Amino acid sequence: MTSVLYDVPGPRAKVRNGLIGVVGTVVVLGILAFVIYRLAATGQFEPRLWEWLQFKAIQVVLVEALLNTLSAFAAAAVLSLAFGAIFAAGRMSEHAWLRGPSAAIVEFFRAVPLLILIFILYFGVSQTLGLNLSTYWSLVLGLMLYNGSVLAEVFRAGVRALPRGQSEAAYALGMRKTQVMTNVLLPQSLRAMLPTIISQLVVVLKDTALGFIILYPELLYQARFLGSQGQLGAPILQVAMVIAVIYILLCLLLSGLAQLLERRTRRSPRRGDIDPKEKARAEGEVSAAQAQGGGGAIGA
C-alpha cells in the first residue's frame with residue numbers, strides 16, 4: 001500500500017522513525033538547555049536587565065506596537081486573499097487576454113523580493129508618481145503583492161488538483177462555470193488548501209517585521225529602539241526575547257484558528273465525502289505551489 005508521496009512505513013520503519021524522533025527531541029532539548037545555561041552564566045537573567053518591563057510607558061509603547069503589527073497584518077491578510085482569489089480566477093480563465101496578463105503579474109510579484117517591493121512602494125512611488133504613500137500602506141501593499149501572488153498559485157493548484165470528473169459531472173447537470181466553481185470545486189478545494197493558506201498568513205504576520213526598515217512603528221522597530229536605550233541598560237537581548245515570545249503566541253493563535261476551522265468543516269453535514277488519496281494529492285500540489293513561491297524575507 002502506498003500513498004501519493006511516499007510508501008506507508010512498515011513495522012521496522014515505524015520503530016526506526018520513532019527512534020529518530022526521540023534522538024532528535026533529545027538533541028533539541030540539549031541545545032536549548034545549553035543556550036539557557038550560557039544566558040544564565042553571562043548574567044542575561046539578572047533582574048536589572050528586566051526592570052524596563054515594569055515601566056508603564058514602555059508597556060504602552062509595546063501595546064501600541066502590537067496593535068500596529070496586527071493592523072498591518074489584518075489589512076495585508078485580507079488584501080492578499082482577495083488578490084490571490086482574483087488572479088487565480090484570472091489564471092484559470094478560458095480567455096487568453098485575461099489569462100496571460102494574470103500569469104505575468106503573479107509570476108512577476110512572486111519573483112521580486114518583498115523587501116524590494118516595500119522600498120519601491122515607499123521611496124519609488126512617491127518620487128516617480130508623486131503619491132506620498134505612508135509607511136503603513138507601503139508595508140501593507142508590499143505584503144499584498146507578494147503574498148497575494150503566492151496565494152494565487154495556492155488557490156489555482158488546489159482547484160486544479162481536484163479530479164476532472166467533479167467539474168464534468170456538474171457541467172453535465174447543466175451548471176454554469178460560476179456555479180461549478182462556487183458550488184462544487186471551491187468547497188472541496190478549500191479544505192485541502194486551508195493548512196497552506198494559514199501557513200502563508202503566518203508568513204504575512206512575520207513579514208510585518210520588515211516595516212521597521214521604513215520606520216513603521218511595529219514590534220521590531222520598537223524593540224530596536226528600546227534595546228538601544230543606555231538608561232535601561234541597553235537590554236537588546238531581553239527585548240528581543242519578549243518580542244519573540246509575542247510573535248510565537250500570535251503564530252500559535254493562527255495555528256489554533258486553523259485547527260478549529262478544520263474541525264468545524266469535518267463536522268459539517270454538508271461537506272460530502274472526499275477520497276483520502278485525492279485529499280492527500282491535493283494537499284501535496286498546494287504545498288508544492290507554496291514552496292515555489294517561497295516564504296518572505298522573515299519567514300524564509
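Right above here is the structure, for reference.
None of the values given here were measured: they were computed from a predicted structure.

A. Structural detail: the overall build of the protein chain. Each helix and strand counted, the protein chain has 10 helices and zero strands in total. Along the protein chain, from the amino end to the carboxyl end, the secondary structure elements read α-α-α-α-α-α-α-α-α-α. Going through the 300 residues of the protein chain one by one, you find that 37% of them count as buried. The contacts in the protein chain between residues at least 6 apart in sequence include a share of 75% that link residues at least 24 apart. With an accessible surface of roughly 17300 Å², the protein chain has 66% of that area assigned to carbon and sulfur atoms.

B. Molecular detail of helix α1 (residues 11-41). The end-to-end C-alpha distance of α1 is 45 Å, a good match for the 45 Å that 31 residues give at a rise of 1.5 Å each. Looking one or two residues past α1, G43 carries a phi angle of roughly 80°, positive in sign.

C. Just the pattern of salt bridges, in detail. This model, assessed by the stated rule, comprises six salt bridges. Taking the shortest distance from any N to any O, the salt bridge between E46 and R48 comes out at 3.0 Å. For E46, a relative accessible area of 34% translates into the label partly exposed. R48 sits in the exposed class, given a relative accessible area of 52%.

D. Region of interest: a nonpolar patch on the surface. Nonpolar side chains collect at one region of the surface, where V23, V27, I31, F34, V35 and Y37 lie side by side and expose about 610 Å² of accessible area between them. Its location among the elements puts V35 in helix α1. Residue classification places V35 among the partly exposed residues on the basis of a relative accessible area of 40%.

E. Molecular detail of the packing of helix α2 (residues 56-91) against helix α8 (residues 219-227). The N-to-C vectors of α2 and α8 enclose an angle of 155°; their axes lie 8 Å apart at closest approach. Between α2 and α8, the angle is such that the two are roughly antiparallel. Here I58, V61, L62, A65, L66 and T69 of α2 come into contact with α8, specifically with L219, Q222 and L226. For the contact of α2 with α8, the per-class residue count stands at seven nonpolar, two polar and no charged.

F. Examining unusual backbone geometry more closely. One non-glycine residue, L215, lies in the positive phi region at around 70°. Following the sequence through the fold, L215 ends up in the loop between α7 (177-207) and α8. The exposure class of L215 is exposed, given its relative accessible area of 52%.

G. Representation of the packing of aromatic side chains in the model. Using the criterion set out here, one finds six aromatic pairs in the structure. With a centroid separation of 5.1 Å and an interplanar angle of 75°, the aromatic rings of F108 and F109 are classed as edge-to-face. Its relative accessible area of 48% is what places F108 among the partly exposed residues. Taking the relative accessible area as the measure of exposure, F109 reaches 17% and is therefore buried. A connected cluster of aromatic rings, assembled from ring pairs, spans F119, Y122 and F123.

H. Molecular detail of the packing of helix α4 (residues 114-128) against helix α5 (residues 135-160). Relative to each other, α4 and α5 sit at 140°, their axes nearing to 8 Å. In terms of their interaxial angle, α4 and α5 are classed as oblique. Crossing of α4 against α5: the hand is right-handed. Counted together, L114, L117, I118, L121 and Y122 of α4 and T135, S138, L139, L141, G142, L143, L145 and Y146 of α5 form the full contact between these two elements. Residue composition of the contact of α4 with α5, grouped by class: 10 nonpolar, three polar and no charged.

I. How the structure looks around the side chain of R91. Relative to the helices and strands, R91 resides in helix α2. The residues contacting R91, other than those within four sequence positions of it, are R99, S102, A103, V106, E107, E153 and R156.

J. The arrangement of the nonpolar core in detail. Grouped together as the largest cluster of nonpolar side chains are 55 residues, with contacts concentrated most on W52, F73, I197 and I243. Listing elements by their share of this core, those giving two or more residues are α2, α3 (96-111), α4, α5, α7, α8 and α9 (236-267). Of the residues forming this core, the biggest block, 12 residues, is contributed by α5. Not counting residues within four places of it along the chain, the set of residues in contact with W52 comprises I58, L62, L232, P235, Q238, V239 and V242. Formed by seven residues, the second largest nonpolar core is a distinct cluster that contains V159, L162, V184 and L185.

K. How the structure looks around the side chain of S102. Within the element layout of this structure, S102 appears in helix α3. Note on S102: relative accessible area 5%, which makes it buried. Excluding its chain neighbours within four sequence positions, the residues that come into contact with S102 are F87, G90 and R91.

Procedures and definitions
Residues numbered from 1 in each chain as written. Predicted model: local features only at pLDDT ≥ 70, side-chain atom pairs only at ≥ 80, totals over all residues. Heavy atoms only, no water. Helix = DSSP H or I, 4+ residues; strand = E, 2+ residues; numbered from the N terminus. Buried < 20%, exposed > 50% of the residue type's maximum accessible area, 1.4 Å probe, protein only. Contact = heavy atoms within 4.5 Å. Areas by Shrake-Rupley, 256 points an atom, 1.4 Å probe, with all protein chains shown as cover. Expected span 1.5 Å × (residues − 1). Salt bridge = Lys/Arg side-chain N within 4 Å of Asp/Glu carboxyl O. Patch = residues over 30% accessible without salt bridge, like charges linked within 9 Å, V, L, I, M, F, W, Y side chains within 5 Å. Axes fitted to C-alpha atoms, helices over the stretch in contact; angles between N-to-C directions. Parallel < 35°, antiparallel > 145°, perpendicular 65-115°, else oblique. Nonpolar A, V, L, I, M, F, W, Y, C, P; charged D, E, K, R; others polar. Phe/Tyr/Trp six-rings, centres within 6.5 Å; stacked < 30°, edge-to-face > 60°. Left-handed = near helix turned anticlockwise from the far one by under 90°. Core = buried A, V, L, I, M, F, W, Y, C linked by side-chain atoms within 4.5 Å.

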